[in-house]
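# Results of the structural survey
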Amino acid sequence: MAKLHLITYGCQMNEYDSERVAGLLKAEHYDLCERPEDADLILLNTCSIREKAEDKVFSQLGALKRLKRARPDVIIGVMGCMAQLQRGRIQERAPFVDLVFGSPAIARVGELVARVKGGERAVLETGESPLVKITARPETGRLRAFVTVMEGCEKHCTFCVVPTTRGRERSHPPEAIVAEIEELAAAGCREVTLLGQTVNAYGRDLDPPTDLAALLEQVDAIAGIERIRFTTSNPYNLTPRLIRAIRDVPKVVEYLHLPLQSGSDRVLERMHRGYTRARYLELIDEVKETVGEIALSTDIIVGFPGETDEDFAETVDVVERVGYDNAFVFRYSRRPGTPAADMPDQVADEVKARRNAELLAVTGRVAAERSRRLEGRVLPVLVDGTSRMDAREASGRTRCNRVVNFEAGSAGLVGSVVAVRITQALPHSLRGTLVDAGIPAALPAAALG
Ligand code: 5AD
C-alpha cells in the first residue's frame with residue numbers, strides 16, 4: 001500500500017470531500033498516514049472563502065517545497081476551492097505542485113493521480129465529473145458525521161466565491177444519502193449533519209423533485225441515528241414546510257443556522273441576498289412561533305463595501321432582537337472575480353477591525369444571556385467522551401449544540417443520551433449533573449425544561 005497524507009482547510013464540506021477522496025484513493029491502494037514525511041502522495045484540500053484561508057495554504061506549500069526537494073518522487077496535489085480559483089497563482093508560486101483539481105472533479109481523483117504517476121507533469125483539472133458519495137470511510141465508529149447532500153450554489157451573493165469554486169447546484173439522490181447514513185448508523189454514528197451550501201434548496205433539481213423536509217423524514221426513519229442537523233440554510237429558501245419539519249420530525253434538533261450577513265437593507269441589496277431586514281426578522285418570528293424553543297446561529301460580514309456606521313448599527317440591532325446562541329463574524333475580504341471586489345467604496349481595514357470587535361462584544365454578550373437561560377433545566381445530552389479539562393468528567397452536547405461537562409464516568413455512557421441538569425453556564429461550555437442515564441433520545445429539549 002502507498003501512503004496518502006491529507007491536509008484539510010475550511011468548511012465542513014471540505015472535511016467531507018477529504019473523506020471522499022480518501023475513500024476513492026483507498027481503492028487505488030492508498031492508505032492514510034499521519035505525517036507528510038511518510039507520504040507518497042500529499043493532498044491539500046483548500047479554502048478560498050477569505051484571503052486569510054488562502055494565505056495559510058501558500059505558507060503550507062512553502063513548507064512542502066522543502067520536502068519535495070528532499071524527495072522529488074513524492075506527489076503533491078492541491079484540491080478544493082483554491083485549486084479552482086487560484087490555479088494560475090498556485091502554478092506560479094508553487095511550480096513543484098504536480099496536480100491541481102477543483103471540488104467538482106473529485107470523482108476523478110484516481111485517474112488524475114494515475115496520470116501524474118505515469119509521468120505527466122502539472123496535471124490541471126477544473127472541469128466537472130459525476131457526483132460521488134463516500135465509498136469507504138477512512139474512520140468508522142464516530143458518533144457524529146457530516147454528509148453532503150448537495151453540491152455547488154446557484155446564489156450569486158456579490159461577496160462570495162462559492163458559485164465559482166463549487167459549480168452549479170446538484171443534489172444527491174435521497175436513496176444514496178439514506179444508504180450512506182444507514183451505513184454510518186451501523187458503524188455506530190449517532191448524529192448526522194446534512195451539508196449543502198444552500199441546504200434548504202435541496203432536491204429541486206432532482207427528477208422527480210423533492211425537498212429537505214422530505215429528506216429529513218427519511219433520515220429520521222433510520223434506526224440508530226439520534227440527531228439530525230443541517231446546514232447552511234438561506235433565508236431566501238426557508239419555507240414554512242421546513243420550519244414545521246424542525247418542529248415535527250423528532251430527530252431533527254431545535255437549532256437553525258440562518259446567515260444574516262447584514263442587518264441593513266442597503267447592504268443586503270448590494271450583497272444580492274434576496275431578502276430585506278424586515279423579511280429576515282419575520283422569518284425568525286415564524287421560526288420561534290412554530291418551533292418554540294430553538295437555538296439560532298448566524299454568519300455576519302462587517303465592512304462590506306459601502307457599509308456605513310448606520311448600516312452597521314442596523315446589524316447590531318438585528319443581533320439584539322434575534323438573540324443568537326452563536327454568531328460567526330467575518331471581516332469582508334475581497335475575492336477575485338466577485339462583483340463586490342470591484343465596488344469602489346471599499347471599507348478601510350481599521351474600520352473593519354473596529355466593527356468586528358464591537359460586534360463580537362455584542363454577539364458574545366447575547367450568547368452568554370442565551371446560555372444562562374439554560375441554567376436549572378434538565379436537557380438531553382448525547383455523550384461523546386470525557387471532558388477536555390478533567391478526565392473524571394463526561395462530556396457531550398445538547399440538542400442546541402452546547403458542550404456540557406458533568407461528573408460521571410463516561411465509559412458506559414458514550415453514544416447514549418442522558419438527562420443532565422444544567423448547573424452553570426460558562427463562556428464556552430455548560431456544567432451539569434447527571435440526573436438519569438437513558439432517557440428517550442428524541443424527547444424535545446423543551447419538554448424537559
Ligand atoms: N468576506 C468575508 N466573509 C465572507 N463569507 C463569504 N464570503 C466572504 C467574504 N468575501 C462569509 C459569509 C458566509 C461564511 C461562510 O463566510 O458570512 O456565510
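Residues numbered from 1 in each chain as written. Predicted model: local features only at pLDDT ≥ 70, side-chain atom pairs only at ≥ 80, totals over all residues. Heavy atoms only, no water.

### Side note on the site of the ligand
Close contacts around the ligand come from Ile49, Arg50, Phe159, Gln261, Asp299, Ile301, Phe330, Arg331, Tyr332, Ser333 and Arg335, and that covers them all. Gln261 places a polar side-chain atom, nitrogen or oxygen, 2.7 Å from an oxygen atom of the ligand. Within the side chain of Asp299, a nitrogen or oxygen atom sits 2.7 Å from an oxygen atom of the ligand. Elements that contribute at least two residues to the shell around the ligand include exactly β13 (295-302) and β14 (326-331). Across the shell around the ligand, the residue classes tally to 5 nonpolar, 2 polar and 4 charged. (Near = heavy atom within 4 Å. Polar contact = N/O pair within 3.5 Å; in protein donor to acceptor, adjacent residues only side chain to side chain. Helix = DSSP H or I, 4+ residues; strand = E, 2+ residues; numbered from the N terminus. Nonpolar A, V, L, I, M, F, W, Y, C, P; charged D, E, K, R; others polar.)

### What about the pairing of β13?
Most of β13 sits inside the fold, with 8 of its 8 residues counted as buried. Burial along β13 is two-sided: Ala295, Ser297, Asp299 and Ile301 facing one way and Leu296, Thr298, Ile300 and Val302 facing the other are all buried. Bridge analysis of strand β12 (residues 255-257) against β13 gives 3 bridges, and the strand direction is parallel. Counted as the bridge partner of Leu256 is Leu296 from β13. Regarding the hand of the β-α-β motif, the stretch spanning β13, helix α12 (residues 309-322) and β14 is right-handed. (Buried < 20%, exposed > 50% of the residue type's maximum accessible area, 1.4 Å probe, protein only. Pairing = 2+ DSSP bridges. Right-handed = clockwise from strand over helix to strand, strands pointing away.)

### Considering the confidence of the model for the protein chain
Should the pLDDT be low somewhere, the predicted coordinates at that spot are not to be read in detail. In this model, the protein chain carries an average pLDDT of 93, and 96% of its residues clear a pLDDT of 70 or more. Confidence over residues 440-449 falls short of pLDDT 50; this stretch has 21 contacts with residues more than four positions distant or in other chains. (pLDDT = per-residue confidence, 0-100. Contact = heavy atoms within 4.5 Å.)

### Thoughts on the sheet that holds β13
Taking strand neighbours across the sheet as the criterion, the 3 strands line up as β12-β13-β14 in an open arrangement whose pairing is parallel. Single-partner strands in this sheet number two, and they are β12 and β14. For this sheet the average axis-to-axis angle between neighbouring strands, irrespective of direction, equals 10 degrees. In this sheet, β14 lies alongside β13 in parallel orientation, the contact comprising 6 bridges. (Axes fitted to C-alpha atoms, helices over the stretch in contact; angles between N-to-C directions.)

### Re the pairing of strand β1 (residues 2-8)
Where β1 meets strand β2 (residues 30-32), 3 bridges bridge the pair, whose relative direction is parallel. Residue Lys3 lies in a different strand from β2, and its bridge partner there is Asp31. With respect to chirality, the unit in which β1 leads through helix α1 (residues 12-26) into the neighbouring parallel β2 is right-handed. By the bridge criterion, 5 bridges tie β1 to strand β3 (residues 41-46) in an arrangement that is parallel.

### Regarding the packing of α12 against helix α13 (residues 349-372)
Where α12 meets α13, the closest approach of the two axes is 10 Å, and the angle between their N-to-C directions is 15 degrees. When the axis of α12 is compared with that of α13, the two are roughly parallel. The way α12 lies across α13 gives a crossing that is right-handed. When α12 is examined against α13, the residues Asp309, Phe312, Thr315, Val316, Val319 and Glu320 are found in contact with a partner set consisting of Arg354, Arg355, Glu358, Leu359, Val362, Thr363, Arg365 and Val366. When grouped by side-chain class, the residues that make up the contact of α12 with α13 number 6 nonpolar, 2 polar and 6 charged. (Parallel < 35°, antiparallel > 145°, perpendicular 65-115°, else oblique. Left-handed = near helix turned anticlockwise from the far one by under 90°.)

### Some remarks on the packing of aromatic side chains
How two aromatic rings sit relative to each other is set out by the distance from centre to centre and by the angle between their planes. Across all of its chains, the model carries 3 aromatic pairs by this definition. Summarising the aromatic geometry, the rings of Phe159 and Phe304 are spaced 6.5 Å apart at their centres and angled 85 degrees between planes, so their arrangement reads as edge-to-face. Of the two residues, Phe159 is situated in the loop between β8 (150-151) and α6 (162-166) and Phe304 in the loop between β13 and α12; the sequence distance between them amounts to 145 residues. The pair Phe159 / Phe304 is uniform in exposure class, with both members buried. Where Phe304 meets Tyr332, the ring centres are 5.5 Å apart and the plane angle is 70 degrees; that geometry is what we call edge-to-face. Of the two residues, Phe304 sits in the loop between β13 and α12 while Tyr332 sits in the loop between β14 and α13, which places them 28 residues apart along the sequence. By relative accessible area, which is 4% here, Tyr332 ends up buried. (Phe/Tyr/Trp six-rings, centres within 6.5 Å; stacked < 30°, edge-to-face > 60°.)

### What to know about the nonpolar core
Residues Val192, Leu194 and Phe230 are the most contacted members of the largest nonpolar core, which totals 60 residues. Ignoring anything within four residues of it in the chain, the contact list for Val192 reads Ala145, Val147, Ile181, Leu184, Val219, Ile225, Arg227, Ile228 and Arg229. Judged by nonpolar contacts, the second largest core, of 23 residues, contains Leu61, Ile90, Ala94 and Phe96. (Core = buried A, V, L, I, M, F, W, Y, C linked by side-chain atoms within 4.5 Å.)

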